[in-house]
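Coordinate inspection notes
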Amino acid sequence: MAKKRYKTKFPVARIKKIMRLDEEVGKVAQVTPVLISKSLELFMQSLIDETCKETRNRGAKKMSVSHLKRCIMNTEKFDFLKDIVSSIPDPVESIENNEAGKIPVKGEKDKETKPRVTRGKRK
């Protein structure tokens with residue numbers, strides 16, 4: 001009888017290796033890392049979906065760290081991650097500290113710059 005292959009997004013061998021690093025973990029059944037990989041995939045999908053909703057609610061086109069933080073802070077099922085994201089500055093603080101959200105670059109003066117336009121191939 002041939003072994004059944006499971007398609008997973010996260011490397012099963014690496015998960016098994018990480019599990020072996022813990023001294024309390026004894027032998028691991030062959031299907032255990034596969035299940036952990038699938039549950040990690042579902043967790044990440046849930047986190048990204050909720051963060052995407054937050055991003056759209058804010059009218060933004062790109063997902064940012066602040067959207068992820070807001071999602072974690074406002075969604076009960078992600079409460080266990082609050083300690084991790086608490087050190088990320090709130091976007092309101094960033095805007096107050098940097099005029100209109102502009103991050104100053106060392107040596108840059110308050111001047112408007114035109115975007116660089118390149119035509120053709122560079123050698």
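Residues numbered from 1 in each chain as written. Predicted model: local features only at pLDDT ≥ 70, side-chain atom pairs only at ≥ 80, totals over all residues. Heavy atoms only, no water.

Looking now at the overall build of the protein chain. For the protein chain, the count of helices and strands is 5 helices and 0 strands. The secondary structure elements of the protein chain, listed N-terminal to C-terminal, are α-α-α-α-α. Expressed as a percentage of its 123 residues, the buried residues of the protein chain come to 16%. A separation threshold of at least 6 residues defines the contact pool for the protein chain, and within that pool the share at least 24 residues apart is 32%. Carbon and sulfur atoms make up 54% of the accessible area of the protein chain, which amounts to about 11,500 Å² in all. (Helix = DSSP H or I, 4+ residues; strand = E, 2+ residues; numbered from the N terminus. Buried < 20%, exposed > 50% of the residue type's maximum accessible area, 1.4 Å probe, protein only. Contact = heavy atoms within 4.5 Å. Areas by Shrake-Rupley, 256 points an atom, 1.4 Å probe, with all protein chains shown as cover.)

Close contact between helix α1 (residues 12-21) and helix α2 (residues 32-57) brings their axes to 9 Å; oriented N to C, the two are set at 110 degrees. The angle between the axes of α1 and α2 places the two elements in the roughly perpendicular class. Of α2, the residues touching α1 (which contributes Val-12, Ile-15, Lys-16 and Met-19) are Thr-32, Pro-33, Val-34, Ile-36 and Ser-37. (Axes fitted to C-alpha atoms, helices over the stretch in contact; angles between N-to-C directions. Parallel < 35°, antiparallel > 145°, perpendicular 65-115°, else oblique.)

A few words now on the confidence of the model for the protein chain. Across the protein chain, pLDDT averages 79, with 68% of residues at or above 70. Contacts for the low-pLDDT stretch residues 93-106, under 50 throughout, to residues beyond four places or in other chains number 7 contacts. (pLDDT = per-residue confidence, 0-100.)

This next bit is on the packing of α2 against helix α3 (residues 65-74). In the contact formed by α2 and α3, the axes pass within 9 Å of each other and the chain directions differ by 110 degrees. With respect to their mutual orientation, α2 and α3 come out roughly perpendicular. Between α2 and α3, the residues in contact are Leu-47, Glu-50, Thr-51, Glu-54 and Thr-55 and His-67, Leu-68, Arg-70, Cys-71, Ile-72 and Asn-74, respectively. The residue inventory of the contact of α2 with α3, partitioned by class, reads 4 nonpolar, 4 polar and 3 charged. (Nonpolar A, V, L, I, M, F, W, Y, C, P; charged D, E, K, R; others polar.)

Let us now look at the pattern of salt bridges. The tally for this structure, following the rule as stated, stands at 4 salt bridges. Notably, a salt bridge pairs Glu-41 with Lys-38, separated by 3.6 Å at the nearest N-O pair. One end of the pair, Glu-41, and the other, Lys-38, are both in helix α2, 3 residues apart, so they sit about a helical turn from each other. Take Glu-41: its relative accessible area is 18%, and that puts it in the buried class. Note on Lys-38: relative accessible area 39%, which makes it partly exposed. A salt bridge links Glu-50 to Lys-53; the shortest N-O distance between them is 3.5 Å. Of this pair, Glu-50 and Lys-53 both sit in helix α2, 3 residues apart, which is roughly one turn of that helix. (Salt bridge = Lys/Arg side-chain N within 4 Å of Asp/Glu carboxyl O.)

So, about the side chain of Thr-51. Position of Thr-51 among the secondary structure elements: in helix α2. Relative accessible area serves as the criterion here: at 1%, Thr-51 is assigned to the buried category. Ignoring anything within four residues of it in the chain, the contact list for Thr-51 reads Met-63, His-67, Leu-68 and Cys-71.

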